[in-house]
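Topology and contacts: notes
Residues per chain are reported as follows:
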Amino acid sequence: MSKKIFLAVWALGLVLTNVLLFTLSQSMTATVWITLAFVWLAFLSTLVFQFLAAKKSKTPDDAFLHIPALAVSIVYEVLQIPVCLIFALGATTIPAQTAFLTQAILLIVVWTVILLALGGNDHIKKVNSRQKDHHREL
């Protein structure tokens, strides 16, 4: 996908999520502001990760190895939308601590999975290079 199309889809998703958050919330409580911060964090981290992965992918094999981590980051972005809706609709009844803990746990889990996927990529590259070297020696 071209960078312009990706940026347009990314910006549209961010704008729509913000519009939903502010139109559905009945009052501007701390829960709404915490949710807004985590929505922005999710979208910005996905954007940064996508561009870093594209920059580091010099070969088709590298691009292929980044697919699981890229998929997890996109799923996190999409998952933020219903979470945002839940906290927007319950802004007056859901405590700010609950919103923060829920969002922080989700963020930690997703970033851990992404980092594990990237660590797995390094292991796969080492195994592939060893196998290629082994077959050359024979």
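Residues numbered from 1 in each chain as written. Predicted model: local features only at pLDDT ≥ 70, side-chain atom pairs only at ≥ 80, totals over all residues. Heavy atoms only, no water.

This paragraph deals with the overall build of the chain. Helix and strand content of the chain: 5 helices and 0 strands. Reading the helices (α) and strands (β) of the chain from amino to carboxyl end gives α-α-α-α-α. For the chain, the C-alpha radius of gyration of 19 Å lies well beyond 14 Å, the compact-globule estimate for 138 residues. Counting across all 138 residues of the chain, residues that qualify as buried make up 34%. Across the chain, contacts joining residues at least 24 apart in sequence account for 74% of those joining residues at least 6 apart. Roughly 8,700 Å² of accessible area belongs to the chain as shown, and the carbon and sulfur atoms make up 75% of that amount. Across the chain, the mean location of the 10 positive side-chain charges is 6 Å away from that of the 6 negative side-chain charges. (Helix = DSSP H or I, 4+ residues; strand = E, 2+ residues; numbered from the N terminus. Rg over C-alpha atoms; globule rule 2.2 N^0.38 Å. Buried < 20%, exposed > 50% of the residue type's maximum accessible area, 1.4 Å probe, protein only. Contact = heavy atoms within 4.5 Å. Areas by Shrake-Rupley, 256 points an atom, 1.4 Å probe, with all protein chains shown as cover. Lys, Arg positive; Asp, Glu negative; His and termini not counted. Charge placed at Lys NZ, Arg CZ, Asp CG, Glu CD.)

With that out of the way, let us pick up the side chain of Thr17. Tracing the sequence through the fold places Thr17 in helix α1 (residues 3-24). With relative accessibility at 2%, the residue Thr17 sits in the buried group. In this structure the side chain of Thr17 is engaged in a polar contact, spanning 2.7 Å, whose partner is the backbone oxygen of Gly13. Those residues in contact with Thr17, other than ones at most four positions away along the chain, are Val39, Phe43, Ile81 and Cys84. (Polar contact = N/O pair within 3.5 Å; in protein donor to acceptor, adjacent residues only side chain to side chain.)

In the structure shown here, the tally under the stated rule is 3 aromatic pairs. Judged by centre distance (6.4 Å) and plane angle (65°), the ring pair of Trp10 and Phe43 falls under edge-to-face. One end of the pair, Trp10, is in helix α1; the other, Phe43, is in helix α2 (residues 30-56), and 33 residues separate them in sequence. Ring centres of Phe38 and Phe100 lie 5.7 Å apart, and the angle between their planes is 65°; on these two criteria the pair is classed as edge-to-face. In this pair, Phe38 sits in helix α2 while Phe100 sits in helix α5 (residues 96-137), placing the two residues 62 residues apart along the sequence. Residue Phe100 is classed as partly exposed on the basis of its relative accessible area of 43%. (Phe/Tyr/Trp six-rings, centres within 6.5 Å; stacked < 30°, edge-to-face > 60°.)

Let's shift gears to the confidence of the model for the chain. Per-residue confidence for the chain gives a mean pLDDT of 83, with 92% of residues at or over 70. Here helix α3 (residues 60-65) stands out as the least confident element of the chain, with mean pLDDT 70; α1 is the most confident, with 88. (pLDDT = per-residue confidence, 0-100.)

Inspection of the secondary structure assignment puts Gly13 in helix α1. For the pair formed by Gly13 and Phe43, sequence separation is 30 residues and the distance between their alpha carbons is 8.6 Å.

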